[in-house]
Amino acid sequence: METLKTYDVRTHGCQMNVHDSERLAGLLETAGYVDLASLPPGQRSDVADVVVFNTCAVRENAANKLYGNLGQLRPAKLANPDLQIAVGGCLAQKDRATIVERAPWVDVVFGTHNVGSLPALLDRARHNRAAEVEILESLEVFPSTLPTRRDSAYSAWVSISVGCNNTCTFCIVPALRGKEKDRRPGEILAEVEALVAQGVVEITLLGQNVNTYGVEFGDRLAFGKLLRACGQVEGLERVRFTSPHPAAFTDDVITAMAETPNVMPSLHMPLQSGSDRVLKAMRRSYRSEKFLGIIDRVREQIPDAAITTDLIIGFPGETEQDFQDTLEVVRASRFSSAFTFQYSVRPGTPAATMGDQVPKAVVQERFDRLLAVQEEVSWAGNRELEGRRVEVLVAPAEGRKDAETERLSGRARDNRLVHFAVPAGAERPRPGDAVTVEVTYGAPHHLLADSGVRGGTYAVRRTRGGEAWAALQDGGTEGTTRKPAVSLGIPTVGRPPAPEPLAPACCPTS
């Protein structure tokens with residue numbers, strides 16, 4: 001009996017990396033490897049035969065985390081020379097051969113533009129008994145043409161573009177992911193329809209800057225049209241997207257969100273700073289007034305929208321007044337939550353060579369104050385939802401304390417995390433099913449909905465997503481990870497056709 005060859009893909013970073021890891025898993029499965037986590041606990045080795053790190057380079061500690069993890073694997077590599085270790089993603093694109101210099105036990109290094117090369121590089125490294133480093137400077141094939149092993153039966157990522165044309169002075173992503181490349185609308189919708197046919201009820205459209213989608217084929221209204229077209233896909237219940245850029249965010253997108261029932265009332269809008277002076281230094285081509293205007297127009301058309309953001313504290317030259325300006329915009333925007341970061345120097349970015357770097361102690365003190373203000377804002381917003389009915393798309397495990405509190409968890413339509421109680425003897429929903437409950441308490445970072453055990457609202461709606469999840473569990477072994485089968489990519493041949501017409505945007509861009 002042939003011994004199974006196992007793999008383990010370890011992901012760091014953004015949603016783009018998470019989706020790329022699904023493709024890496026699909027490629028490895030197609031090449032005959034088996035996910036280590038899919039085997040019963042008693043049949044698993046301590047380390048997979050192939051370990052892949054899909055890395056991030058956005059934060060300063062990314063390299064430290066990678067080399068720490070590689071160091072932990074060195075004893076396993078010494079004990080088993082046939083173990084193969086691969087490093088891909090943004091940090092691999094950036095550091096290239098230095099990874100092998102610092103960790104000579106690494107077998108393969110590949111970049112963001114040649115994810116599809118991994119199986120061949122592993123074979124070559126095994127044959128030659130030498131490290132293989134292959135970094136391409138431009139995209140080889142659009143990633144969606146590759147096989148994919150999705151993490152979820154009922155929810156899926158769909159890439160609409162890769163790369164970015166912006167030149168933010170703090171960001172290294174354009175240098176690592178390249179210029180924006182857009183998929184054709186018909187390809188995107190074909191993938192969405194194929195996913196829905198497999199039981200997916202929720203998709204998230206992905207791009208470094210989703211609202212510039214269409215720049216490559218000359219349609220500046222393409223993203224709003226794409227949202228409306230997703231609204232025509234029968235069986236698709238929830239559509240999300242991330243992330244837009246305030247400078248390119250237009251009113252036709254807001255109206256498309258408001259008028260397309262399956263586009264969810266949630267919006268991630270990266271602010272980065274509320275100081276116009278700092279925004280200029282960041283080379284963010286909008287100012288706080290424009291940002292707040294977008295927020296106002298979103299809430300005019302989508303009053304219940306939950307808006308989240310990204311914030312960077314301690315950018316070079318940031319003064320106390322700049323920081324106060326940020327706090328003012330945070331309070332005015334009423335973000336439901338925020339991803340907050342302390343500025344870190346990224347070699348290769350313009351900001352890395354700027355003078356007047358803010359002392360670490362000052363950055364930390366401002367960061368703590370920002371967290372306190374945002375928690376106050378988030379908590380107030382969540383308390384306003386108490387007594388309101390919400391529909392929750394149930395997840396396998398979103399709450400760390402679910403087991404001890406006997407609650408289940410999932411996401412409301414506005415993407416807030418909800419923990420809810422199941423009444424004794426009531427129908428228990430499956431992941432992918434929808435549950436309607438009332439919010440009984442709004443905490444700073446989540447909602448509690450114990451209405452069902454208090455004699456209030458509790459209603460389960462079984463969905464095709466729940467059916468898809470349940471089908472995966474049949475015949476499974478406790479303690480294993482069950483994921484959908486590998487989906488083949490959607491290839492294209494020859495010169496791309498002219499863009500397919502979608503439903504027209506309902507109003508002109510302002």
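Residues numbered from 1 in each chain as written. Predicted model: local features only at pLDDT ≥ 70, side-chain atom pairs only at ≥ 80, totals over all residues. Heavy atoms only, no water.

## As for the overall build of the chain
For step 1, the next point in the chain: On a plain count of helices and strands, the chain comes out with 15 helices and 21 strands.
For step 2, the next point in the chain: Its C-alpha atoms give the chain a radius of gyration of 23 Å, within 12% of the compact-globule value 24 Å for 510 residues.
For step 3, the next point in the chain: If you line up the chain on its principal axes, its C-alpha atoms span 65 × 60 × 50 Å.
For step 4, the next point in the chain: Across the 510 residues of the chain, 54% fall into the buried class.
For step 5, the next point in the chain: A fraction of 75% describes how many contacts in the chain between residues 6 or more apart in sequence connect residues 24 or more apart.
For step 6, the next point in the chain: Here the chain displays about 22400 Å² of accessible surface, and carbon together with sulfur accounts for 51% of that area.
For step 7, the next point in the chain: In the chain, 58 positive and 64 negative side-chain charges are present, and the distance between their average locations comes to 2 Å. (Helix = DSSP H or I, 4+ residues; strand = E, 2+ residues; numbered from the N terminus. Rg over C-alpha atoms; globule rule 2.2 N^0.38 Å. Buried < 20%, exposed > 50% of the residue type's maximum accessible area, 1.4 Å probe, protein only. Contact = heavy atoms within 4.5 Å. Areas by Shrake-Rupley, 256 points an atom, 1.4 Å probe, with all protein chains shown as cover. Lys, Arg positive; Asp, Glu negative; His and termini not counted. Charge placed at Lys NZ, Arg CZ, Asp CG, Glu CD.)

## Focus on the state of the cysteines
For step 1, the next point in the chain: Scanning the model with the defined rule gives 0 disulfides in all.
For step 2, the next point in the chain: Between Cys90, a cysteine without a disulfide, and Cys56, which holds the nearest cysteine sulfur, the sulfur-to-sulfur distance is 6.2 Å.
For step 3, the next point in the chain: Cysteine Cys164 remains unbridged, with the sulfur of Cys168 as its closest cysteine sulfur at 6.5 Å.
For step 4, the next point in the chain: Given the relative accessible area of 11%, Cys164 is considered buried. (Disulfide = S-S within 2.5 Å.)

## Regarding the sheet that holds strand E3 (residues 50-55)
For step 1, the next point in the chain: Ordered by their spatial adjacency, 6 strands build an open sheet running E2-E1-E3-E4-E5-E6, and the pairing between neighbours is parallel. Here the strands that pair on one side only, and so sit at the sheet edges, are strand E2 (34-35) and strand E6 (132-134).
For step 2, the next point in the chain: Inspection of the sheet shows strand E1 (residues 6-11) paired to E2 by 2 bridges, in the parallel sense. Each residue of the ladder has a partner; that of Tyr7, found in E2, is Asp35. (Pairing = 2+ DSSP bridges.)

## A closer look at unusual backbone geometry
Residues apart from glycine generally show negative phi values, whereas peptide bonds are mostly found in trans.
For step 1, the next point in the chain: With omega at -10 degrees, the peptide bond leading from Thr242 into Ser243 counts as cis.
For step 2, the next point in the chain: With respect to the helices, strands and loops of the structure, Ser243 is situated in the loop between strand E11 (238-242) and helix H9 (251-259).
For step 3, the next point in the chain: One non-glycine residue, Arg334, lies in the positive phi region at around 55 degrees.
For step 4, the next point in the chain: Within the secondary structure, Arg334 sits in the loop between helix H12 (320-333) and strand E14 (337-342).
For step 5, the next point in the chain: Of note, Asn415 is a non-glycine position whose phi angle comes to about 80 degrees, a positive value.
For step 6, the next point in the chain: Tracing the backbone through its elements, the reader meets Asn415 in the loop between strand E16 (407-412) and strand E17 (417-421).

These figures come from the coordinates and say nothing about function on their own.
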